[in-house]
Amino acid sequence: MTALSLAGAGRVRGQLCSDSESAHAKRVEPARSIAPPAALLAQRVTHSPEETVNFGRELAKELQPPCMVLLEGELGSGKTTLVKGILASLASVPEDEVTSPSFTLVHEFGPEGRVYHVDLYRIEGERDLATLGLDDLLGRDATVLIEWGEKFGEDVSRPCVRIRFEHLGRDERRITVERLT
Ligand code: ADP
Ligand code: MG
């Protein structure tokens, strides 16, 4: 058994991104909280890059735009590998064409720019972030995948999913998917 799923019996539960009423209906808002409420959607331990790519394909079906996806975890934890699966599914992008956009910072995919792959690794501070034009991207009817999402800050006022990566062993990664809004 290669998959451990705490939510949704092996399947991603519900629709992750579209701002549907049903997605909000069951959430109980805390009276006052600085951190946004997070709802666990799926968790998987993968044992190879291929498994992580396949998990990305699975997740992609649920990422309805507009949708911001924050990918968080240390270097080599598997963020870009998961993105390969998501992009293969959403925009038919061959895996070898997906690299961390470390220098260009933003890659655009799909016929009408419906999917963006962003890497904030080299971003330092608010001013750097502002030069990226992320607000413009996030205002579009698009899925925006953001590596090093922890640098994005607390603005989760739009439909947002956070995916956290933990490096458990040589080829083992725990991937946790939460809805933040
Ligand atoms: P990041 O984007 O988080 O820096 P990458 O996806 O670029 O990480 O790199 C992950 C590295 O770990 C790749 O070399 C990949 O082959 C390797 N790897 C080994 N096992 C896994 C796994 N289970 N899931 C994802 N990547 C894995
Ligand atoms: Mg990367």
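In what follows, the accompanying structure is described. (Residues numbered from 1 in each chain as written. Chains lettered and ligands numbered in written order. Predicted model: local features only at pLDDT ≥ 70, side-chain atom pairs only at ≥ 80, totals over all residues. Heavy atoms only, no water.)

### Some words on helix α2 (residues 49-60)
Phase 1: Across its 12 residues, α2 extends 16 Å between first and last C-alpha, which sits within 8% of the 16 Å expected from 1.5 Å per residue.
Phase 2: Residues of α2 that are buried: T52, V53, F55, G56, L59 and A60. Viewed along the axis of α2, the buried residues span an arc of 160°, placing them on a single side of the element.
Phase 3: Those residues of α2 hidden inside the fold are in contact with β1 (39-46), α3 (79-91), β6 (160-167) and β7 (173-179). (Helix = DSSP H or I, 4+ residues; strand = E, 2+ residues; numbered from the N terminus. Expected span 1.5 Å × (residues − 1). Buried < 20%, exposed > 50% of the residue type's maximum accessible area, 1.4 Å probe, protein only. Arc of directions from axis to C-beta. Contact = heavy atoms within 4.5 Å.)

### Details of the site of ligand 1
Phase 1: Among the 16 residues in the neighbourhood of ligand 1, the closest are listed as T52, G76, K79, T80 and T81.
Phase 2: Between ligand 1 and T52, the relevant distance is 2.6 Å, taken from a nitrogen atom to a side-chain nitrogen or oxygen of the residue.
Phase 3: Between ligand 1 and the protein, one listed contact pairs an oxygen atom with a side-chain N or O atom of E147 at 3.2 Å.
Phase 4: Coverage of ligand 1 by the protein amounts to 76% of the 570 Å² it exposes when considered alone.
Phase 5: For the shell around ligand 1, the secondary structure elements donating two or more residues are α2 and α3.
Phase 6: Examining the composition of the shell around ligand 1, we find that 3 residues originate from one element, α3, more than from any other.
Phase 7: Across the shell around ligand 1, the residue classes break down as 2 nonpolar, 9 polar and 5 charged. (Near = heavy atom within 4 Å. Polar contact = N/O pair within 3.5 Å; in protein donor to acceptor, adjacent residues only side chain to side chain. Areas by Shrake-Rupley, 256 points an atom, 1.4 Å probe, with all protein chains shown as cover. Nonpolar A, V, L, I, M, F, W, Y, C, P; charged D, E, K, R; others polar.)

### With respect to the packing of aromatic side chains
Phase 1: Within the structure shown, the criterion is met by 1 aromatic pair.
Phase 2: Consider the rings of Y121 and W148, whose centres lie 5.1 Å apart with planes at 35°: the pair is tilted. Remark: W148 occurs in the loop between β5 (143-147) and β6 and Y121 occurs in the loop between β4 (115-119) and α4 (125-131); sequence separation between them is 27 residues.
Phase 3: In this structure W148 comes out as buried when scored by relative accessible area, which is 13%.
Phase 4: Taking the ring centre of W148 as reference, the NZ or CZ of K79 above it sits at 4.3 Å. (Phe/Tyr/Trp six-rings, centres within 6.5 Å; stacked < 30°, edge-to-face > 60°. Lys NZ or Arg CZ within 6 Å of the ring centre and 35° of its normal.)

### Re the sheet that holds strand β2 (residues 67-72)
Picture the strands of a sheet paired through backbone hydrogen bonds; they go either parallel or antiparallel.
Phase 1: The sheet built from 7 strands is open, its strands ordered β1-β7-β6-β2-β5-β4-β3 with mixed pairing. Each having just a single partner strand, β1 and β3 (106-109) make up the two edges of the open sheet. Averaged over neighbouring strand pairs, the angle between their axes works out to 15° when direction is ignored.
Phase 2: Sheet topology places β6 next to β7; 7 bridges connect them, and they run antiparallel. (Pairing = 2+ DSSP bridges. Axes fitted to C-alpha atoms, helices over the stretch in contact; angles between N-to-C directions.)

### Some details on the coordination of the magnesium ion (ligand 2)
Phase 1: At the metal site, the magnesium ion (ligand 2) is ligated by T80 (OG1), S100 (OG) and E147 (OE), and these contacts range over 2.1 to 2.3 Å.
Phase 2: Between consecutive donors of the magnesium ion (ligand 2), the numbers of intervening residues give the motif T-x19-S-x46-E. Remark: E147 occurs in strand β5 and S100 occurs in the loop between α3 and β3; sequence separation between them is 47 residues.
Phase 3: A relative accessible area of 2% means that E147 is categorised as buried. (Donors = N, O, S within 2.8 Å, 3.2 Å for Na, K, Ca; no water.)

### Let's talk about the environment of F55
Phase 1: Considering the arrangement of structural elements, one finds F55 in helix α2.
Phase 2: Judged by relative accessible area, which is 1%, F55 ranks as buried.
Phase 3: Along the backbone, F55 and L82 are 27 residues apart, and their C-alpha atoms lie at a distance of 7.0 Å.
Phase 4: With residues near it in sequence (within four places) discarded, F55 still touches A42, R44, L82, I175 and V177.

### Focus on unusual backbone geometry
Phase 1: Residue P66 is reached from P65 by a cis peptide bond, and omega for that bond is 0°.
Phase 2: Notably, S92 is not glycine yet its phi reads approximately 50°, a positive angle.
Phase 3: The phi angle at W148 is positive, at roughly 60°, despite the residue not being glycine.

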